[in-house]
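What the coordinates show
Okay, here's what each chain looks like letter by letter:
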Amino acid sequence: MIRAPSTLKSSMNIIFIVAFSTFAFYHLINGAPKPSTAIDYDDWDDPPKIKEVAEGPYYDQFDYNVTRNYTVIAGTPAELLCRVKLKPTDGNKTISWLRHRDLHLLTLGTNTYSRDKRFSTVHRFPGNDWVLRIQQTQINDTGIYQCQVGTTPPVGITFHLSVVEPITSIIGAPDIYINKGSNLNITCIIKNWPIMDNPQSPSENQQVIWVHGKKGINYDSPRGGVSVVTEKSNKFSSSSLLIINASKEDSGKYTCKPDLANQTSVFVHVLPGETPAAMKNDAKTKGTADTTSKPEITKEDNEASTLKLSILLFLVTFINAIP
């Protein structure tokens, strides 16, 4: 039986409406698909696992317990340690360092073969440690490097170097306003600031210096009530400057200056308002303020209302489309 053109057209309209409404309903519930992003090693909690380039009769002549993932701050030197366990019967085997991305020979023995003189190799005794040194590291030095023994066939062990550039920011910048008598807390956040402390020489450890105006903060001043709390991690570090019972003299520019990172500043404005204690006493005499407010409309409420409206429009359109 052949349908009349008007009936066929109505049926096609219904199919189109159902398909479109299903598509809209799916994206309303699940949200639009997110675009894919390239892998960024800086966002990894741990660097990627590296597969060895070669295996063979000389494979066990490397010490695989040494550090093989390094993170340094741009501008500082990097040292990649390759420990070779050659036996006297192995003969005189040459050790070389290669850059993996372009297979560029950097050093052969203690001789540098790269035009970039930032690269060099040091042979440490006792033992058989071959250290690749990179002076004044740059962001584009990030990548995989291979320590190779001149055997037949050649065998190598790979290392991953990540060169990062710290980013410093202050919470609440560029301006912080507080009332006179309040406690001031200025927190400085440093991202990509890997811990490079030297346990043998604590005085050389990374530090964060706070400056008020042009003078360094004196934590032992007669004023008292000034302290700093610094917490370090390889991903985020923070330094909080705490000032108790702030006064007008505490107004001004404060600068956070981490070692090996950019500095950043914030302007603090201490307002000549009532102290918290005075405000509290004034509230008792005047009585409790009316705190009645309208209920807050949440994101979930908006989504539920949109869903209900979409379903209602679909039903109305579907009914009208029926011949």
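Everything discussed here concerns the structure shown above.
Report on the accompanying structure. This structure is a prediction, so every number in the text was calculated from the model and none was measured. (Residues numbered from 1 in each chain as written. Predicted model: local features only at pLDDT ≥ 70, side-chain atom pairs only at ≥ 80, totals over all residues. Heavy atoms only, no water.)

**Comments concerning the side chain of N128**
Tracing the sequence through the fold places N128 in the loop between β6 (119-124) and β7 (129-134). There is a polar contact of 2.9 Å between the side chain of N128 and the side chain of W130. (Helix = DSSP H or I, 4+ residues; strand = E, 2+ residues; numbered from the N terminus. Polar contact = N/O pair within 3.5 Å; in protein donor to acceptor, adjacent residues only side chain to side chain.)

**A closer look at the nonpolar core**
If you look at the biggest cluster of nonpolar residues, it comprises 25 residues, and the most contacted ones within it are L80, W97, Y145, F159 and L161. Listed by contribution, the elements that provide at least two residues to this core are β1 (69-73), β2 (78-83), β3 (95-99), β7, β8 (143-149) and β9 (155-164). Among the elements that take part in this core, β9 stands out by supplying five residues, more than any other. Apart from the residues within four sequence positions on either side, L161 is in contact with Y70, V72, A78, L80, I134, D141, T142, G143 and Y145. Among the nonpolar cores identified, the runner-up in size contains 21 residues, and W210, L241, I243 and C256 belong to it. (Core = buried A, V, L, I, M, F, W, Y, C linked by side-chain atoms within 4.5 Å. Buried < 20%, exposed > 50% of the residue type's maximum accessible area, 1.4 Å probe, protein only. Contact = heavy atoms within 4.5 Å.)

**Some points on the state of the cysteines**
Throughout the structure, instances matching the rule amount to two disulfides. Two residues, C82 and C147, share a disulfide whose sulfurs are 2.1 Å apart. Taking the torsion about the sulfur-sulfur bond, which here is approximately -75°, the covalent link between C82 and C147 counts as left-handed. Remark: C147 occurs in strand β8 and C82 occurs in strand β2; sequence separation between them is 65 residues. Of the two residues, C82 and C147, both sit in the buried class. In this model, C188 is linked to C256 through a disulfide, with the two sulfur atoms separated by 2.1 Å. Looking down the S-S bond of the C188 and C256 bridge, the torsion is -80°, so its handedness is left-handed. (Disulfide = S-S within 2.5 Å.)

**Remarks on the sheet that holds β7**
If you trace the three strands from one edge of the open sheet to the other, you get β2-β7-β6, paired in antiparallel fashion. Taken across any chain shown, the strands that pair with only one partner, and hence form the sheet edges, are β2 and β6. In this sheet, adjacent strand axes meet at a mean angle of 20° when their direction is disregarded. Of the strand pairs in this sheet, β6 and β7 are connected by six bridges, and their pairing is antiparallel. Among the inter-strand pairings, F119 is bridged to a residue of β7, identified as I134. (Pairing = 2+ DSSP bridges. Axes fitted to C-alpha atoms, helices over the stretch in contact; angles between N-to-C directions.)

**A closer look at the environment of D175**
Structurally, the position occupied by D175 is in strand β11 (residues 175-179). For the pair D175 and V266, spaced 91 residues apart in sequence, the C-alpha separation works out to 5.7 Å. Setting aside its immediate chain neighbours within four residues, D175 contacts V266, F267 and H269. Of the polar contacts made by the side chain of D175, one reaches the side chain of H269; its length is 2.8 Å.

**Regarding the sheet that holds strand β10 (residues 167-170)**
With respect to topology, four strands assemble into an open sheet ordered β10-β12-β16-β15, the strand pairing being antiparallel. Unpaired on one side and paired on the other, β10 and β15 (226-231) mark the two borders of the sheet. Ignoring strand direction, the axes of neighbouring strands in this sheet form an average angle of 15°. Summarising the sheet, β10 and strand β12 (residues 184-191) pair through four bridges and their orientation is antiparallel. Among the inter-strand pairings, S169 is bridged to a residue of β12, identified as I189.

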